Amino acid sequence: MLALHLLVSALLSYAAISLVEYVVHRTFMHHMRLALRLRSHFLKQLCHNHMARHHKRNYRHSSAHDEQDDVRWQVSLAGLLPNILIIIGLLSIDPLSAAVMFGVGTVYGIFWWAVHNEMHRQEGRSFADNALFRYIERRHQLHHQFPKTNYNLLLPLWDWIFATEAPRQQGRKHTAG
């Protein structure tokens, strides 16, 4: 019974963390008007760094020392705060699931940065040579071509659910918003 509890907690944690990634990316990193309306300097910086720098550059970054676009602490904080609130709420209901979500979130964050950096910087990581990575990278390249699509990096579930998946062929029109 404990193994089932851990498995279900891990799967639900992964889905919840991925949903937070989707919402933060779509809502706060792609909509400057919202940051201005909320009068949040942090959200303005987050959106500017993502849209005016990260999306306006070549997909491949030349080196680890070139101009920062997505600032690691800003993106991490934007994704971490909502997840911490969920974990705090979950502590009173199911402490074991809260602990599992914390662990899954930690692994998710580390893996997210490793995958994202490999996509843009081609650092030669061992996982970059498999079909799953190439699929995830292709989805991310399409996000750079069609910024109103493919908000999830590691789990396309929410793009499928909210119909924000990019067209598979470059010439097709997309209707995601």
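Basis of the calculations
- Here the residue numbering is sequential within each chain, running from 1 through the sequence in written order.
- Side-chain atom pairs in this predicted model are given and counted only at pLDDT of 80 or more, local residue features only at pLDDT of at least 70, and totals for whole chains, interfaces and linings cover all residues.
- With hydrogens and water excluded, all non-hydrogen atoms of the structure serve as input to the side-chain values.
- What counts as a helix is a DSSP run of H or I of at least four residues, what counts as a strand is a run of E of at least two, and both are numbered from the N terminus.
- Only protein chains enter the accessibility calculation, which uses a 1.4 Å probe. A residue is then buried if its area is under 20% of the maximum for its type, exposed if over 50%, and partly exposed in between.
- Any pair of N or O atoms that falls within 3.5 Å is considered a polar contact. Within protein, one atom must be able to donate a hydrogen and the other to accept it, and sequence-neighbouring residues count only if both atoms are side-chain atoms.
- Working definition: rings of Phe, Tyr and Trp (its six-membered ring) pair if their centres are within 6.5 Å, and the pair is stacked with planes under 30 degrees apart, edge-to-face with planes over 60 apart, and tilted otherwise.
- Each patch is built from residues lacking any salt bridge and having more than 30% relative accessible area; the joining distance is 9 Å for like charges and 5 Å for nonpolar side chains (Val, Leu, Ile, Met, Phe, Trp, Tyr).
- Method for areas: the Shrake-Rupley scheme with a 1.4 Å probe, in which residue coverage is limited to the protein chains shown.
- Whenever Lys or Arg places a side-chain nitrogen within 4 Å of a carboxyl oxygen from Asp or Glu, that contact is recorded as a salt bridge.
- Cavities and pockets were defined on a 1 Å grid built from protein atoms only: a cavity is a group of points that admits a 1.4 Å probe but offers it no way out, a pocket is an open group of points flanked by protein on both sides within 12 Å along at least five of seven lines, and a lining residue is one with an atom within 4 Å of any such point.
- Grid points are joined across faces, edges and corners, and a volume is the space filled by probe spheres set on the points.
- Scored from 0 to 100, pLDDT records how confident the predictor is in each individual residue.
- Structural elements are reduced to axes, namely lines fitted to C-alpha atoms, with helices fitted over the stretch in contact, and the angle between N-to-C directions of any two is expressed from 0 to 180 degrees.
- By the definition adopted for this analysis, an angle is roughly parallel if under 35 degrees, roughly antiparallel if over 145, roughly perpendicular if from 65 to 115, and oblique otherwise.
- Each helix crossing is assigned a hand: it is left-handed if the near helix lies turned anticlockwise from the far helix by less than a right angle, otherwise right-handed if that turn is clockwise.
- In this description, contact between two residues means that some pair of their heavy atoms is separated by no more than 4.5 Å.
- Charged means Asp, Glu, Lys or Arg here, nonpolar means Ala, Val, Leu, Ile, Met, Phe, Trp, Tyr, Cys or Pro, and polar covers whatever is left, Gly included.

A. Structural view of the side chain of Thr-164. Inspection of the secondary structure assignment puts Thr-164 in the segment after helix H7 (157-161). Residue classification places Thr-164 among the buried residues on the basis of a relative accessible area of 0%. In terms of polar contacts, Thr-164 uses its side chain to reach the side chain of Tyr-22, at 3.1 Å.

B. Geometry of the packing of aromatic side chains. One pass over the full model with this rule turns up seven aromatic pairs. Look at Tyr-14 and Tyr-108: their rings are 5.4 Å apart centre to centre, the planes differ by 65°, and that puts the pair in the edge-to-face class. Taken together, the residues Tyr-14 in helix H1 (residues 2-28) and Tyr-108 in helix H5 (residues 95-121) connect sequence positions 94 residues apart. According to the relative accessible area criterion, Tyr-14 is partly exposed, its value standing at 29%. Between Tyr-22 and Tyr-151, the ring centres sit 5.5 Å apart and the planes meet at 85°, which makes this aromatic pair edge-to-face. Highlighted residues: Tyr-22 in helix H1 and Tyr-151 in the loop between helix H6 (131-145) and H7, separated in sequence by 129 residues. Each of the two residues, Tyr-22 as well as Tyr-151, counts as buried. Ring pairs connect the aromatic residues Tyr-22, Tyr-151, Trp-158 and Phe-162, which therefore count as one cluster.

C. Examining a nonpolar patch on the surface more closely. There is a patch of nonpolar side chains on the surface, built from Met-1, Leu-4, Leu-7, Val-8, Leu-11 and Leu-12 and spanning about 680 Å² of accessible area. Relative to the elements of secondary structure, Leu-11 occurs in helix H1. Classification of Leu-11 by relative accessible area gives exposed; the value is 54%.

D. Here's a closer look at the pattern of salt bridges. A full pass over the atoms with the stated rule returns two salt bridges. One salt bridge in this structure joins Arg-139 and Asp-159, with 3.2 Å as the shortest N-O distance. Of this pair, Arg-139 sits in helix H6 while Asp-159 sits in helix H7, placing them 20 residues apart in sequence. Each of the two residues, Arg-139 as well as Asp-159, counts as buried.

E. Representation of unusual backbone geometry within the structure. We note that Arg-39 has phi near 55°; this positive angle belongs to a residue other than glycine. Despite not being glycine, Gln-122 has its phi angle at roughly 45°, a positive value. The residue Gln-122 is located in the loop between H5 and H6 in this model.

F. The arrangement of the layout of surface pockets in detail. Considered as a void within the structure, the largest pocket measures approximately 600 Å³ in volume. In terms of lining residues, the largest pocket is bounded by 30 residues, among which Ser-76, Gly-79, Leu-80, Asn-83 and Gly-109 are the most central. Elements that contribute at least two residues to the lining of the largest pocket include exactly H1, helix H4 (72-93) and H5. Considering every element that reaches the lining of the largest pocket, the biggest residue donor is H5, with ten residues.

G. Seen up close, the confidence of the model for the protein. Confidence in the prediction for the protein averages 85 pLDDT; 86% of positions are at 70 or higher. The element-level mean pLDDT for the protein is lowest in helix H3 (residues 41-54), coming to 82, with H1 highest at 95.

H. A look at the packing of H1 against H5. At their nearest, the axes of H1 and H5 sit 8 Å apart, and the two run at 50° to each other. As summarised for this structure, H1 and H5 are arranged oblique, according to the angle between their axes. For H1 against H5, the interelement crossing comes out right-handed. Note on element contacts: H5 touches H1 through Leu-96, Ser-97, Val-100, Met-101, Val-104, Gly-105, Tyr-108 and Trp-112, opposite Leu-2, His-5, Leu-6, Ser-9, Ala-10, Ser-13, Tyr-14, Ala-16, Ile-17, Ser-18 and Glu-21. Of the residues contributing to the contact of H1 with H5, the split by class is twelve nonpolar, six polar and one charged.

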